[in-house]
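So the chains spell out like this:
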Amino acid sequence: MKPFAYTAATSLDQAQEILSEEWGSRLYAGGTDLLTLTKRGTVSPDHLVDIKGLADFRYLRHLTGGGLAIGALTTLAELEANRTVHRRFPALARSIAVTGTPQLRNRATVGGNLCQQPRCWYYRGDFPCLLHGDEVCGAAKGENAYHALFGYESADGNRCVAVHPSDPAVALSALEAEVVVAVPGEAPVNWEATPIDDLFQQPTKDFPGTTILNPGDVVVEIRVPEQPKGSRQVYLKAMDRAAWAFALVSVAAVATLDGNRLADLRLALGGVAYKPWRARHAEEIARGHVVSPELVDEIVELAAEGAMPLGANEYKVPLLKGLVRQALRAVTDESRGI
Amino acid sequence: MERRGPGPVPVRMTVNGVTYELTVPPRRTLLDALREDLGLTGAKRVCDEGTCGACTVSLDGQAVYSCLVLAVECEGRTVETVEGLIRDGELHPVQEAFIEHDAAQCGFCTPGQIMALKALLDQNPRASLEDIRQTVAGNLCRCGAYPKIIAAGLTAAGVVAARAAAKAPEDGGAGA
């Protein structure tokens, strides 16, 4: 790693001031992603601004109305050990349990997990990448076995085809969570909550970033709303080994049943786009219908609707369909004939 | 706190019960500080990017990859490495169990495996087979010694649980 300065920030204001004014400064918390990027020279910060010690942003609070507010500096291990998360948001609990390893979860923060950089080898190696400021995305026509099925308009190289690596983001999307972003100079009352899917952006030549955050912007809280009474949740993750791997494909499902009718279904797909990919058409078709093998078949097909395999990642389409089918089985009752 | 570095800065940390004042640049990882500055080579430098677990140490009681911690962050904190597990000439139950089960093959991942399991048993003296399996999921063993590592973990868990149970009446007074 090339030399850099280090500041243990004593307030968010102090951190934001440095980050928004000093070129080459980087926000630092768990460090599990940033240090690997720095060691490889993918990023070369001059100054790390460590916000890990800001205890004001490390909490779990019950929201009026039943939801949960999670301070962005809460570690994944702390969330994993929390009984409320297990009891009321089992999809989130599961997504955390299958993230990284115990050692990584002891360090990694939930805010950092959402803001981590893609695991694309073109980005992490010395290969053509829009995030490096290069003219083209090398993965679009290159080695793309781990890349996107959705969300890029064309594989012409003008669009990044990397996928977002976070598991919790996928569960949080199905739970319709929001993130609160602190903007430098704005009083906390003015901090806005954004739907989690809108935190992410697809990198292009003109906008080579993976989130909507500007320098100095900090994700400070994640708000998970109370889920419909009686709803069931699941998070399923397919990996190329049984532990310590990023998702090839993952599925988070939240279903609310009214008798044998699906009153509501939310399906978020991971490992297939630059953000958690909501299968909106499948959700719409499911809503209000009686659960049947035919309906399940239709949801499965619609979840993969519009998939654009890149060449080496065609296997993701049947994998996705299989996982969606398993997820539906888990959140509905098997006795209904699925 | 104010800006420190990029040149060497003083950092005070406690390692295996001894407080040290190191002078290190902010870019130095805890792993390199342990190995290069303190001569503690139990934690191994293998992948150096958090994907192997051979550098696992305990930081304030939690297992972490020391290659993904900066030494400068450890100001005032407590680090334990495999060298610090011996107490009054006695090995830790996890170390004893590794010998009993012959759980080291090439031995390179062993200090990391031991520190991961030790942190687990500190936090949960009644760790289950599943807890042990999940714990060593963060430590790669390419010799494939996992069956023996997991068996050693179970044996150690039994010893630690028995000691905790023997101690409980004194501490709590209520007995079992």
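For clarity, every value in this text was computed on a predicted model and none was experimentally measured. (Residues numbered from 1 in each chain as written. Chains lettered and ligands numbered in written order. Predicted model: local features only at pLDDT ≥ 70, side-chain atom pairs only at ≥ 80, totals over all residues. Heavy atoms only, no water.)

Looking only at helices and strands, one finds five helices and five strands in chain B. Helices and strands appear in chain B in the N-to-C order β-β-α-β-β-β-α-α-α-α. On C-alpha atoms alone, chain B measures out to a radius of gyration of 17 Å, which is about the 16 Å that the 2.2 N^0.38 rule sets for 176 residues. Put simply, chain B has 176 residues, and 48% of those count as buried. Considering only intrachain contacts with a sequence separation of at least 6, the fraction spanning at least 24 residues in chain B is 53%. Taking the 17 positively charged and 22 negatively charged side chains of chain B as two groups, their mean positions are separated by 4 Å. (Helix = DSSP H or I, 4+ residues; strand = E, 2+ residues; numbered from the N terminus. Rg over C-alpha atoms; globule rule 2.2 N^0.38 Å. Buried < 20%, exposed > 50% of the residue type's maximum accessible area, 1.4 Å probe, protein only. Contact = heavy atoms within 4.5 Å. Lys, Arg positive; Asp, Glu negative; His and termini not counted. Charge placed at Lys NZ, Arg CZ, Asp CG, Glu CD.)

This part takes up the state of the cysteines. All names here are of chain A. Per the stated rule, a full pass over the model turns up zero disulfides over all chains. Cys129 carries a free sulfur, and the closest cysteine sulfur to it, the one in Cys120, is 6.1 Å from it. For Cys129, a relative accessible area of 8% puts it in the buried group. Unpaired in terms of disulfides, Cys160 finds its nearest cysteine sulfur in Cys137, a separation of 5.5 Å. With a relative accessible area of 8%, Cys160 lands in the buried category. (Disulfide = S-S within 2.5 Å.)

Moving on: the domain arrangement of chain B. Residues and elements named next belong to chain B. As assigned here, chain B comprises domain 1 (9-84) and domain 2 (93-167). Between domain 1 and domain 2, the C-alpha centre-to-centre distance is 21 Å. Contact with domain 2 buries area across many residues of domain 1, yet Lys44, Thr56 and Val82 alone supply 38% of it, more than any other trio. At the surface where domain 1 touches domain 2, the tally comes to one salt bridge. A salt bridge links Glu80 to Lys118; its shortest N-O distance comes to 2.7 Å. Our count for the domain 1 to domain 2 interface comes out at six residue pairs in polar contact (both at pLDDT 80 or more). Contributions of two or more residues to the side of domain 1 that touches domain 2 are made by strand 3 (56-59) and strand 4 (62-65). (Domains from an automatic or database assignment. Buried area = accessible area lost by both parts, 1.4 Å probe. Salt bridge = Lys/Arg side-chain N within 4 Å of Asp/Glu carboxyl O. Polar contact = N/O pair within 3.5 Å; in protein donor to acceptor, adjacent residues only side chain to side chain.)

Turning to helix 1 (residues 30-37) of chain B, a few remarks are in order. A turn of α-helix holds 3.6 residues, and therefore any two residues three or four places apart point the same way. Residues and elements named next belong to chain B. All buried positions along helix 1 are accounted for by Leu30, Leu31, Asp32, Ala33 and Leu34. Here the buried face of helix 1 lies against strand 1 (9-15), strand 2 (18-24), strand 3 and strand 5 (78-80). Positive backbone phi, at 70°, marks Gly39, one or two positions downstream of helix 1.

On to the interface of chain B and chain A. Between chain B and chain A, the contact holds 35 residues from the first and 30 residues from the second. Interface area, chain B with chain A, both sides summed: about 2,600 Å², of which 56% is carbon and sulfur. On inspection of chain B and its partner chain A, the count reaches five salt bridges. On the surface where chain B and chain A come into contact, there are 14 residue pairs in polar contact (both at pLDDT 80 or more). Of all elements in the fold, only strand 3, strand 4 and helix 4 (129-136) of chain B reach the threshold of two or more residues within the side of chain B that touches chain A. Of all the elements, strand 4 of chain B adds the most residues to the side of chain B that touches chain A, at four residues. Counted by class, the side of chain B that touches chain A contains 16 nonpolar, 11 polar and eight charged residues. (Nonpolar A, V, L, I, M, F, W, Y, C, P; charged D, E, K, R; others polar.)

Looking now at the pattern of salt bridges. Residues and elements named next belong to chain A. All chains considered together, the criterion is met by 34 salt bridges over all chains. Residue Lys52 pairs with Asp50 through a salt bridge whose shortest N-O separation is 3.4 Å. Note on accessibility: Lys52 and Asp50 belong to one class, buried. Connected via shared salt-bridge partners are Glu176, Asp264, Arg266, Arg278, Glu283 and Arg287.

Residues and elements named next belong to chain A. Covered by surrounding structure in strand 5 (residues 68-71) are Leu68 and Ile70 together with Ala69 and Gly71, the residues of both alternating faces. Both strand 4 (residues 60-62) and strand 5 contribute to a ladder of three bridges, which runs antiparallel. Of the residues in strand 5, the one forming a bridge with Leu60 is Ile70. Counting the residues that bridge the hairpin from strand 4 to strand 5 gives five residues, and of these Gly65 lies at a positive phi of roughly 100°. Pairing geometry for strand 5 and strand 8 (residues 218-224), over four bridges, is antiparallel. Bridge pairing links Ala69 to Arg223 in strand 8. (Pairing = 2+ DSSP bridges.)

All names here are of chain B. Running from amino to carboxyl end, helix 3 (residues 110-123) crosses helix 4 at an angle of 135°, the nearest separation of the two axes being 9 Å. Regarding the angle of helix 3 to helix 4, the classification is oblique. The handedness of the crossing between helix 3 and helix 4 comes out as right-handed. On helix 4, the residues touching Gln113, Ala116, Leu117 and Leu120 of helix 3 are Asp131, Ile132, Thr135 and Val136. Classifying every residue of the contact of helix 3 with helix 4 gives five nonpolar, two polar and one charged. (Axes fitted to C-alpha atoms, helices over the stretch in contact; angles between N-to-C directions. Parallel < 35°, antiparallel > 145°, perpendicular 65-115°, else oblique. Left-handed = near helix turned anticlockwise from the far one by under 90°.)

All names here are of chain B. Strand order in the open sheet made by the five strands is 2-1-5-3-4, with mixed pairing throughout. The two strands at the open ends of the sheet, each matched to only one other strand, are strand 2 and strand 4. Shown here is a sheet whose adjacent strand axes are inclined to one another by a mean of 40°, direction ignored. Bridge count for strand 3 against strand 4 is four bridges, and the pairing is antiparallel. Paired with Leu59 across the strands is Gln62, a residue of strand 4.

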